[in-house]
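# Reading the structure
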2 protein chains.
Amino acid sequence: MKNNINEPSGIQADDCPSVDGLRMTRQRSEVYKVLMDHRDHPTAGEVFERAKENMPTISLATVYNCLEALVQHGAVRQVNFERESSRYCPNLTEHGHFHDEESGEIIDVPLKKGAMLSDLLELPEGAQIDNLEITLRGTIAE
Amino acid sequence: MKNNINEPSGIQADDCPSVDGLRMTRQRSEVYKVLMDHRDHPTAGEVFERAKENMPTISLATVYNCLEALVQHGAVRQVNFERESSRYCPNLTEHGHFHDEESGEIIDVPLKKGAMLSDLLELPEGAQIDNLEITLRGTIAE
DNA sequence: AGCACTTTTTAGAATAATTCTAATTATTGA
DNA sequence: TCAATAATTAGAATTATTCTAAAAAGTGCT
Ligand SMILES: [Mn+2]
Ligand SMILES: [Mn+2]
Ligand SMILES: [Zn+2]
Ligand SMILES: [Zn+2]
């Protein structure tokens with residue numbers, strides 16, 4: 001029997017990352033797979049559309065629930081551009097996001113290895129940073 | 001007569017910054033003054049509440065309209081934290097925002113003079129940055 | 001000032017992303 | 001197998017924001 005405590009019946013291991021303390025249901029796996037497969041930054045609605053291809057019965061509420069669970073367990077990141085719908089990102093390395101206004105594409109912008117945030121910013125005395133979000137908008141010279 | 005072409009009757013000069021090409025109405029002045037006076041980062045609803053103290057007839061729609069006009073003309077900045085209501089900031093210097101999770105306060109975080117964004121980020125080849133948003137969440141050691 | 005024209009304000013309706021509710025289904029662990 | 005817990009679901013509710021259309025205000029003539 002290949003199923004273990006983290007793998008409910010019928011789920012393959014590669015659909016089923018063992019996220020610390022998060023029960024990996026079929027729906028959560030499917031949502032996670034959608035993000036891993038495309039590696040772009042879809043909205044909840046887009047995740048829903050893609051998930052329905054493999055799992056026609058999944059609901060939008062469940063997609064929201066799964067995304068929230070994955071975000072809370074650090075398996076996925078939530079990305080916001082201004083007031084637009086939230087987008088979701090499977091890239092867990094420290095990075096910001098560049099929104100190309102011409103193509104509409106969202107490009108991951110890695111933080112340079114070893115760079116200090118305090119070289120760029122006059123941080124408040126004693127500040128302890130729990131979360132950093134860097135968002136860029138612009139164009140790319142052709 | 002002290003009124004000039006940019007100062008409709010009854011408005012004092014200091015309520016009435018001459019924002020390039022933006023007609024400075026009583027409502028826009030009031031909204032702008034609310035932001036300049038408190039220098040925190042209120043939501044549209046909070047601006048509405050404060051504006052009503054001086055101008056009881058102003059409407060929420062107008063507050064939204066004024067804020068949009070001021071943002072579009074660069075007199076004020078719009079700041080977003082995750083999915084919360086937009087906040088508005090009268091500080092036009094380049095800065096990010098630190099949200100102190102304990103006090104709830106939002107603190108301006110100046111960009112260090114002369115610091116290069118490309119020292120921190122692996123920017124896409126040929127990227128031209130039109131807009132940069134830096135958002136931090138955390139606590140301040142007591 | 002009087003008049004046409006444009007812009008702004010306003011109250012209230014509409015929108016849309018997200019969250020909530022409550023019922024059903026699935027999973028766990030004894 | 002069975003009770004307890006957790007997840008999923010459809011649809012309703014929420015809420016920040018935008019839209020609509022009518023009234024008011026401002027502008028630039030003459
Ligand atoms: Mn876009
Ligand atoms: Mn807070
Ligand atoms: Zn990303
Ligand atoms: Zn600010």
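These notes cover the structure that comes with them.

## Considerations on the coordination of the zinc ion (ligand 4)
Residues and elements named next belong to chain B. Within the protein, His 41 (NE2), Cys 89 (SG), His 95 (NE2), His 97 (NE2) and Asp 108 (OD) serve as the donor atoms for the zinc ion (ligand 4), at 2.0 to 2.3 Å. Donor residues for the zinc ion (ligand 4) sit on one chain with the sequence pattern H-x47-C-x5-H-x1-H-x10-D. The class of His 95 is buried, set by a relative accessible area of 5%.

## So, the layout of surface pockets
Any space left empty among the atoms is revealed by the rolling of a water-sized probe across them. Residues and elements named next belong to chain B. Estimates place the volume of the largest pocket at around 680 Å³. Residue assignment for the lining of the largest pocket shows that the elements contributing at least two residues are strand 1 (77-79), strand 3 (95-100) and strand 5 (127-140). Ranked by the residues each element gives to the lining of the largest pocket, the list is headed by strand 5, at 6 residues. Of the residues in the lining of the largest pocket, the class split is 13 nonpolar, 8 polar and 8 charged. Shared between two domains, the lining of the largest pocket takes at least three residues from each, and those domains are domain 1 (1-91) and domain 2 (93-138). Taken as a whole, the second largest pocket spans an internal volume of roughly 360 Å³.

## Considerations on the protein's contact with DNA strand C
The local shell around DNA strand C holds 15 residues, among which Tyr64(A), Ser86(A), Thr25(B), Ser59(B) and Thr62(B) are the closest. Expressed as a percentage, the sugar and phosphate content of the atoms of DNA strand C within 4 Å of the protein is 84%. Within the contact set of DNA strand C, a phosphate oxygen lies 3.3 Å away from a backbone nitrogen or oxygen of Ser59(B). Residue Thr62(B) places a side-chain N or O atom 2.6 Å away from a phosphate oxygen belonging to DNA strand C. Among the secondary structure elements, those contributing two or more residues to the surface near DNA strand C are helix 3 (60-72) of chain A together with helix 1 (26-38) and helix 3 (60-72) of chain B. In terms of residue count, helix 3 of chain B provides more of the surface near DNA strand C than any other element does, 3 residues in total. For the surface near DNA strand C, the class distribution of residues is 4 nonpolar, 8 polar and 3 charged.

Scoring rules and cut-offs
Residues numbered from 1 in each chain as written. Chains lettered and ligands numbered in written order. Predicted model: local features only at pLDDT ≥ 70, side-chain atom pairs only at ≥ 80, totals over all residues. Heavy atoms only, no water. Donors = N, O, S within 2.8 Å, 3.2 Å for Na, K, Ca; no water. Buried < 20%, exposed > 50% of the residue type's maximum accessible area, 1.4 Å probe, protein only. 1 Å grid on protein atoms, 1.4 Å probe; cavity = no way out; pocket = protein on both sides within 12 Å on 5 of 7 lines; lining within 4 Å. Points joined across faces, edges and corners; volume = space filled by probe spheres on them. Helix = DSSP H or I, 4+ residues; strand = E, 2+ residues; numbered from the N terminus. Nonpolar A, V, L, I, M, F, W, Y, C, P; charged D, E, K, R; others polar. Domains from an automatic or database assignment. Near = heavy atom within 4 Å. Polar contact = N/O pair within 3.5 Å; in protein donor to acceptor, adjacent residues only side chain to side chain.

Such coordinate-based values are descriptive only and should not be taken to indicate function.
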